[in-house]
Amino acid sequence: MYKEIHIIGAGVAGLLLANNMINSGIKLNVYEQKKDIKEGNEPSGIVSIEAYNRLGFDAREAVMGSLYGARLHVNKKTFIIESKEKRAIVLDRTKLNEILFKSIKDKTNLVMGKRLDSNAIKGLKGLIVGADGYTSIVANTFGFPPINRFILTYRAEYDFKNNEKLVDLYFGEYSKGLFAWVSPEGNKEIEVGIGIDSRYGNAKKMFERFLKEENLDFGKPKKEYAYAIPMEWRKRFVKDNVLLIGDAAGQTKPISGGGISMLTKIMPFAIEAIKKEKLSIYENKVKKLLKKELFIQNRVRWYYYSKNRMYYLLKFANSIGLLNGLSKYGIMDSLTTSFKRIILRR
């Protein structure tokens, strides 16, 4: 087992790994360029019930609300996937980071307000974990394959009373590569956002186009965010004594861009590999587990680039009862598992 681990980045990926390793007997060092973990508020995130339960710690303080399904809007038509049971949790990501930070701050060597350069990173002894986002300096320092494709997002939060239990997803020419959304954050706020393939324009302009074309008006936003999401996984995410995790490895869900759900699936393999001091376990098991799922999700995302393609896909899925099957048996994190459950009807 490694005697010392250096985790670069104190976002949810780095903090979650540290939280899982604090009782391992390994010396943990966590480096974060922000001086305060609360610095730079993050937008909310939607995770499946299954992913929420896999977090492995009490995250109730970060819960903003629950979702039972989604309304899918395309070509002025609406398709509904709705369960009788909770299917997803809306999380305050800033609060989530705060909870994790409190759990590790007295049990690790935390270095806040310092951005390590390549020379400093190369000088670290022991295991180096890149959890420093899609622009990862760790990945660049050690020559990992690049991430070439990204989703640009623009989000705004509004004070808006609601009793919604469904998220609204919109597919149009304004959101090539992903979709736009209106998501409740409890019963007093909503988040409105859009994601587009970086090759297709400016996210803020497409956000404004989305609101205009869909005739939506929520007043003046109280917070606005703009950032990028990796659209592809790095071809490698371990090398020698270096491991990448989370956005640094490009590990997001192709059909939604979500990172937390994917992170909770792969975390056990990272922990196993670290404890056995054999990093190849992590890469090999993750690729084996998710190969089929990633292939299917990437095929589905192909339909996102054309509203007509998406419309006919949903129309067909609805005609054969697939949307109804997803309402009853679907698993938000896995299309392969969802299809199996629909076939077996359980």
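**Q** Which residues make up unusual backbone geometry, and what are the values?
**A** The phi angle at Asn-215 is positive, at roughly 55 degrees, despite the residue not being glycine. Mapped onto the elements of the fold, Asn-215 is located in the loop between α6 (203–213) and β14 (223–230). For Asn-215, a relative accessible area of 71% corresponds to the exposed category.

**Q** An account of the pairing of strand β12 (residues 180–185) is requested, with residue identities and associated values reported.
**A** If a strand is regular, its side chains alternate between the two faces of the sheet. With six of its six residues buried, β12 lies for the most part within the structure. Every second residue of β12 is oriented toward a common face, with Ala-180, Val-182 and Pro-184 on one face and Trp-181, Ser-183 and Glu-185 on the other, all of them buried. The sheet contact formed by strand β11 (residues 166–171) and β12 spans three bridges and is antiparallel. Directly across from Tyr-170, in β12, lies its bridge partner Ala-180. With six bridges joining them, β12 and strand β13 (residues 189–197) adopt antiparallel strand pairing. Each residue of the ladder has a partner; that of Pro-184, found in β13, is Ile-190.

**Q** Go over the environment of Asn-187, please, and point to the residues and values.
**A** Mapped onto the secondary structure, Asn-187 falls in the loop between β12 and β13. Of the residues examined, Asn-187 reaches a relative accessible area of 45% and is grouped as partly exposed. When the C-alpha atoms of Asn-187 and Ala-270 are compared, they prove to be 37 Å apart, with 83 residues separating the residues in sequence. Excluding residues within four positions of it along the chain, Asn-187 makes contact with Phe-160, Lys-161, Asn-162 and Asn-163.

**Q** Describe the sheet that holds β14, with residues and values.
**A** Across the sheet, which stays open at both edges, the seven strands sit in the order β6-β5-β11-β12-β13-β10-β14 with mixed pairing between neighbours. In this open sheet, the two strands that pair with only one neighbour each are β6 (77–82) and β14. Across this sheet, the average inter-strand angle for adjacent strands is 20 degrees, counted without regard to direction. In this sheet, β11 lies alongside strand β5 (residues 69–74) in parallel orientation, the contact comprising six bridges. Considered in β11, the bridge of His-73 is made with Tyr-170.

Cut-offs and rules
- Residues numbered from 1 in each chain as written.
- Predicted model: local features only at pLDDT ≥ 70, side-chain atom pairs only at ≥ 80, totals over all residues.
- Heavy atoms only, no water.
- Helix = DSSP H or I, 4+ residues; strand = E, 2+ residues; numbered from the N terminus.
- Buried < 20%, exposed > 50% of the residue type's maximum accessible area, 1.4 Å probe, protein only.
- Pairing = 2+ DSSP bridges.
- Contact = heavy atoms within 4.5 Å.
- Axes fitted to C-alpha atoms, helices over the stretch in contact; angles between N-to-C directions.

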